[in-house]
Amino acid sequence: MPPPRPATSSPTIGVLALQGDVREHVTALEGLGVRAVTVRRPAELDAVDGLVLPGGESTTIVRLARTFELLEPLRAAVAGGLPALGTCAGMILLADRLLDAAAGQETIGGLDVTVRRNAFGRQVDSFEGPVRVAGLDRPVHGVFIRAPWVEEAGPDVEVLARDERTDRIVMVRQGALMATSFHPEVGDDPRIHALFRELVTHHA
Ligand SMILES: NC(=O)CC[C@H](N)C(=O)O
């Protein structure tokens, strides 16, 4: 294990860059003045203070993580306290338990939640709308694309947002881990990334 990195007001945040909307997250982080780097190798993972797991296709991301010999290092890093923000497919990757998973689908885990993939169903496969997030004064514009929801959350999981129509949980935090069903990297509202930067700074 590398020595702990010194606390810094300007953390380096990695974006897992195996598949999905990597560039949008890098742009959102850079817009906040954060040093953002892509992560594809264990050595790159060791060099970050926090990690974003982007949206995309969770089955593909986890398969590529295995191929790149990154899955076990990711599990070890998250279990060891590396702050992580999972968005959409990234929420699925951080879940300890899945419903409607693909056959044999693995996760990184860390969040004591049961997440249902593609939960909102065919009629509303993808939709947008305001989401009220605990701690933010105005709602964020939630973009949901074949999105998961949190079906059950353990006692240490803080529910930060619910979908207002279904009342389903769409944003959670547990320790240094945060996850959203929606895509905060779409559009130009930096507040979710700013919340994550705060989490990373406080865990440094
Ligand atoms: N936009 C997304 O990230 C969709 C997630 C996708 N349905 C999955 O299971 O991975």
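Residues numbered from 1 in each chain as written. Predicted model: local features only at pLDDT ≥ 70, side-chain atom pairs only at ≥ 80, totals over all residues. Heavy atoms only, no water.

**Remarks on the site of the ligand**
Note the threshold: A cutoff of 4 Å decides nearness: a residue is near a molecule or strand if any of its heavy atoms lies inside that distance of it. Accessible surface area values rest on a Shrake-Rupley calculation with a 1.4 Å probe, where residue burial reflects the displayed protein chains alone. As a working rule, the residues Ala, Val, Leu, Ile, Met, Phe, Trp, Tyr, Cys and Pro are called nonpolar, Asp, Glu, Lys and Arg charged, and the rest polar, with Gly in that last group.
Around the ligand, the neighbouring residues are Gly-55, Gly-56, Glu-57, Ser-58, Cys-88, Ala-89, Ile-92, Arg-117, Asn-118, Ile-145, Arg-146 and His-183. Considered on its own, the ligand offers 300 Å² of accessible surface; in the complex 96% of this is hidden by protein. Here the shell around the ligand is composed, by residue class, of four nonpolar, five polar and three charged.

**Thoughts on helix H4 (residues 71–79)**
Note the following rule: When a residue's accessible area, from a 1.4 Å probe over protein chains only, is under 20% of the maximum for its type it is buried; when over 50% it is exposed; and in between it is partly exposed. Only runs of H or I of at least four residues qualify as helices and only runs of E of at least two qualify as strands under DSSP, and these elements are numbered from the N terminus. Each C-beta atom gives one direction from the helix axis, and the arc is the one those directions make.
Among the residues making up H4, those that are buried are Leu-71, Leu-74 and Val-78. Mapping the buried residues of H4 onto a view down its axis gives an arc of 60 degrees, with all of them on the same face. Gly-81, located one to two residues past H4, shows a positive phi value of around 105 degrees.

**Topic: the packing of aromatic side chains**
Under the convention used in this document: The pairing test for Phe, Tyr and Trp rings, Trp by its six-membered ring, is centres within 6.5 Å, and the orientation test on the planes gives stacked under 30 degrees, edge-to-face over 60, and tilted for anything in between. Over a ring means this: the NZ of a Lys or the CZ of an Arg is within 6 Å of the ring centre and within 35 degrees of the ring normal.
Under the defined criterion, the tally for this structure stands at five aromatic pairs. Judged by centre distance (5.6 Å) and plane angle (65 degrees), the rings of Phe-120 and Phe-144 are edge-to-face. In this pair, Phe-120 sits in the loop between strand E6 (111–116) and strand E7 (126–131) while Phe-144 sits in strand E8 (residues 140–145), placing the two residues 24 residues apart along the sequence. Exposure class is identical for Phe-120 and Phe-144. Each is buried. Centroid distance Phe-120 to Trp-149: 5.0 Å. Interplanar angle 85 degrees. Geometry classified as edge-to-face. In this pair, Phe-120 sits in the loop between E6 and E7 while Trp-149 sits in strand E9 (residues 149–153), placing the two residues 29 residues apart along the sequence. Residue classification places Trp-149 among the buried residues on the basis of a relative accessible area of 9%. The ring of Phe-127 is capped by Arg-165, whose NZ or CZ atom sits 4.4 Å from the centre of that ring.

**A short note on helix H1 (residues 22–31)**
To keep things clear, this is the line we draw: What makes two residues a contact is simply this: any of their non-hydrogen atoms within 4.5 Å.
Val-22, His-25, Val-26, Ala-28 and Leu-29 are the residues of H1 that are buried. One face of H1 carries all of its buried residues, which in axial projection span an arc of 165 degrees. The outward face of H1, more than 90 degrees from its buried face, is lined by the exposed residues Arg-23 and Gly-31. Residues of H1 that are buried in the fold lie against strand E1 (12–16), strand E2 (35–39), strand E3 (50–53), strand E4 (84–87) and helix H6 (191–203). Of the residues trailing H1, Gly-33 is marked for its positive phi of about 85 degrees.

**Notes on the side chain of Asp-163**
Examined against the element boundaries, Asp-163 turns out to sit in the loop between strand E10 (158–162) and strand E11 (169–174). With residues near it in sequence (within four places) discarded, Asp-163 still touches Phe-120, Phe-127, Arg-168 and Val-170.

**Looking at the UniProt feature "active site" (unreviewed entry) in the protein**
Threshold: UniProt positions are given in the numbering used here, feature names are shortened, and annotations may be inferred rather than shown by experiment. Pairing of N or O atoms within 3.5 Å defines a polar contact, subject to two protein rules: one partner must be a possible hydrogen donor and the other a possible acceptor, and residues neighboring in sequence count only if both atoms are side-chain atoms.
As annotated by UniProt and renumbered to match this structure, "active site" (unreviewed entry) occupies Cys-88, His-183 and Glu-185. The greatest C-alpha distance among the residues just named is 10.8 Å, despite their covering 98 residues of sequence, which places them together in space. Along the chain, the position of Cys-88 falls in the loop between E4 and helix H5 (89–94). Here Glu-185 lies in the loop between strand E12 (177–180) and H6. With relative accessibility at 5%, the residue Glu-185 sits in the buried group. Discounting chain neighbours no more than four positions away, the residues touching Glu-185 are Asp-21, Glu-24, His-25, Thr-87 and His-193. Here His-25 takes part through its side chain, which lies 3.4 Å from a polar atom of the side chain of Glu-185.

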